[in-house]
Amino acid sequence: MKVFFIGAGPGDPELLTQKAARLIAACPVCLYAGSLVPREVVALAPEGARVLDTASMTLDETHAEILAARERGEDVARVHSGDPSLYGAIAEQIRRLRADGIDYEIVPGVPAYAAAAAALGQELTIPELAQSIVLTRMSMKSTAMPEGERLENFARTGATLAIHLGIRALREIVRVLTPHYGEDCPVAVVYRASWPDQQIIRGTLADIHGKVRAAKITRTALILVGPALSESAEFPDSALYDPAHPHVLRPKVLGKPGR
């Protein structure tokens, strides 16, 4: 048997990859994070499949289900939201699988920050404004952040920040980021990106906390911060399609034969 860690994407069932859909439809056991994975995704499971919402289960309990599936010779679809490589809590699951000699495979999914950018209708890497994206989170009630991965350290780079699990700490985020990005730095909060009840709140570090509080958003939201989020920023075109910049697939400078 084999365990498939499957990224279900941010919420829209149509963003499920073909491979993910095929595997969910083939596995006799489906364990899924019900608080973040829509029912339409696990509805693909075959008739008679053992489908369990793991939201209220412990690691021991989910692993026990996998061990039982091994005894029956049944593959397991372990369905996570977004992409399982990002805050998917699969590392500790994999450690147990390896200890028990159980084979596994990771199937990537569309991450939340990509869905949020699509909802905003924007690119997150803009020439001369931001060419890096930092994916991070706030610790809150979850495990502590490593000492070197404090928000202040990332803020010094000026990169686009995608902050997970931080909506309840938005006031603190604003306090930490404002000295580095400035009060007028654009911020976007995307609640439940790609879901039918998706909400987008745009603002600046100066006013985003008040706007989010007024909208009563307290969970399941991604915070994006950085100059690349500006809808009116001035920036040069990328050199990728610039006729004056040759590259391996366009070796000649257009208009200058032989060069």
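Just so it is clear, the structure is predicted and the values come from calculations on it, not from any experiment.

### Considerations on the packing of aromatic side chains
The description of an aromatic ring pair rests on the distance of the ring centres and on the angle between the ring planes. Under the criterion given, the structure shown has 1 aromatic pair. Here Phe-5 and Tyr-104 contribute two aromatic rings whose centre-to-centre distance is 6.2 Å and whose plane-to-plane angle is 75°, an arrangement assigned as edge-to-face. With Phe-5 in strand β1 (residues 2–7) and Tyr-104 in strand β5 (residues 103–107), this residue pair connects regions lying 99 residues apart in the sequence. Taking relative accessible area as the criterion, Tyr-104 reaches 22% and is therefore assigned partly exposed. Here Arg-192 stacks its cationic end above the ring of Trp-195, 3.9 Å away from the centre of that ring.

### Comments concerning the sheet that holds strand β4 (residues 76–80)
One open sheet holds the 5 strands; their spatial order is β3-β2-β4-β1-β5, and the pairing between them is parallel. Of all the strands in the sheet, just β3 (50–53) and β5 have a single pairing partner and so form its edges. Neighbouring strand axes in the sheet, compared pairwise and without regard to direction, differ in orientation by 15° on average. Note that β1 and β5 share 5 bridges and pair parallel. Of the residues in β5, the one forming a bridge with Val-3 is Tyr-104.

### Notes on the environment of Pro-38
By the element assignment, Pro-38 lies in the loop between β2 (29–32) and α2 (39–42). The class for Pro-38 is buried, based on a relative accessible area of 7%. In this structure, Pro-38 is in contact with Gly-11, Pro-13 and Trp-195, ignoring residues within four places of it in sequence.

### A short note on the nonpolar core
Side chains that are nonpolar tend, in soluble globular proteins, to be buried together. Ranked by size, the top nonpolar core spans 28 residues in total, and within it Leu-161, Ile-163, Leu-177, Ile-223 and Val-225 carry the most contacts. Of all the elements in the fold, those that place two or more residues in this core are α6 (151–155), β7 (160–164), α7 (170–181), β8 (186–191), α8 (208–215) and β10 (221–225). Setting aside anything within four residues of it in sequence, one finds Leu-161 in contact with Val-134, Leu-151, Phe-154, Leu-177, Tyr-181, Ile-223, Leu-224 and Val-225. Ala-8, Ala-20, Ile-24 and Val-107 belong to the second largest nonpolar core, which has 17 residues in total.

### Some words on the packing of helix α3 (residues 59–72) against helix α4 (residues 91–99)
The description of two packed helices rests on the angle between their axes and on the distance between the axes. Remark: α3 packs on α4, axes separated minimally by 11 Å, with the N-to-C direction vectors making an angle of 45°. Accordingly, the angle class assigned to the pair α3 and α4 is oblique. α3 and α4 meet at a crossing whose hand is right-handed. Contact residues: Leu-59, Asp-60, His-63 and Ile-66 in α3; Glu-92, Gln-93, Arg-96 and Leu-97 in α4.

### Focus: the sheet that holds strand β9 (residues 199–204)
Here we have 5 strands laid out as an open sheet, ordered β6-β7-β10-β8-β9, and mixed in their pairing. Pairing within the sheet leaves two strands with one partner each, and these edge strands are β6 (133–137) and β9. This sheet shows a mean twist of 20° between the axes of neighbouring strands, independent of strand direction. The pairing of β6 with β7 spans 5 bridges and is classified as parallel.

Procedures and definitions
By convention here, each chain's residues receive numbers from 1 onward along its written sequence. In view of the model being predicted, local features appear only for residues whose pLDDT reaches at least 70, and side-chain atom pairs are presented and counted only at 80 or more, with totals across whole chains, interfaces and linings using the full set of residues. Values reported for side chains reflect all heavy atoms of the structure, with hydrogen atoms and water molecules removed beforehand. Between rings of Phe, Tyr and Trp, where Trp is taken as its six-membered ring, a pair exists when centres lie within 6.5 Å; planes separated by under 30 degrees are stacked, by over 60 edge-to-face, and by other angles tilted. Comment: elements are numbered from the N terminus, with helices defined as DSSP H or I runs of at least four residues and strands as E runs of at least two. Relative accessible area decides the class of each residue, using a 1.4 Å probe on protein chains only: under 20% of the type maximum gives buried, over 50% gives exposed, and in between gives partly exposed. Cation placement over rings: the criterion is NZ of Lys or CZ of Arg within 6 Å of the ring centroid and within 35° of the ring normal. Strand pairing is defined by DSSP finding a minimum of two bridges between the two strands. In this analysis an axis means a line fitted to C-alpha atoms, helices contributing only their contacting stretch, and an angle means the value between N-to-C directions, from 0 to 180 degrees. Two residues form a contact once any of their heavy atoms are found within 4.5 Å. Buried Ala, Val, Leu, Ile, Met, Phe, Trp, Tyr and Cys residues form a nonpolar core when they are joined through side-chain atoms within 4.5 Å. An angle below 35 degrees is read as roughly parallel, one above 145 as roughly antiparallel, one from 65 to 115 as roughly perpendicular, and any other as oblique. Note on convention: near helix rotated counterclockwise from far helix by under a right angle means a left-handed crossing. Clockwise means right-handed.

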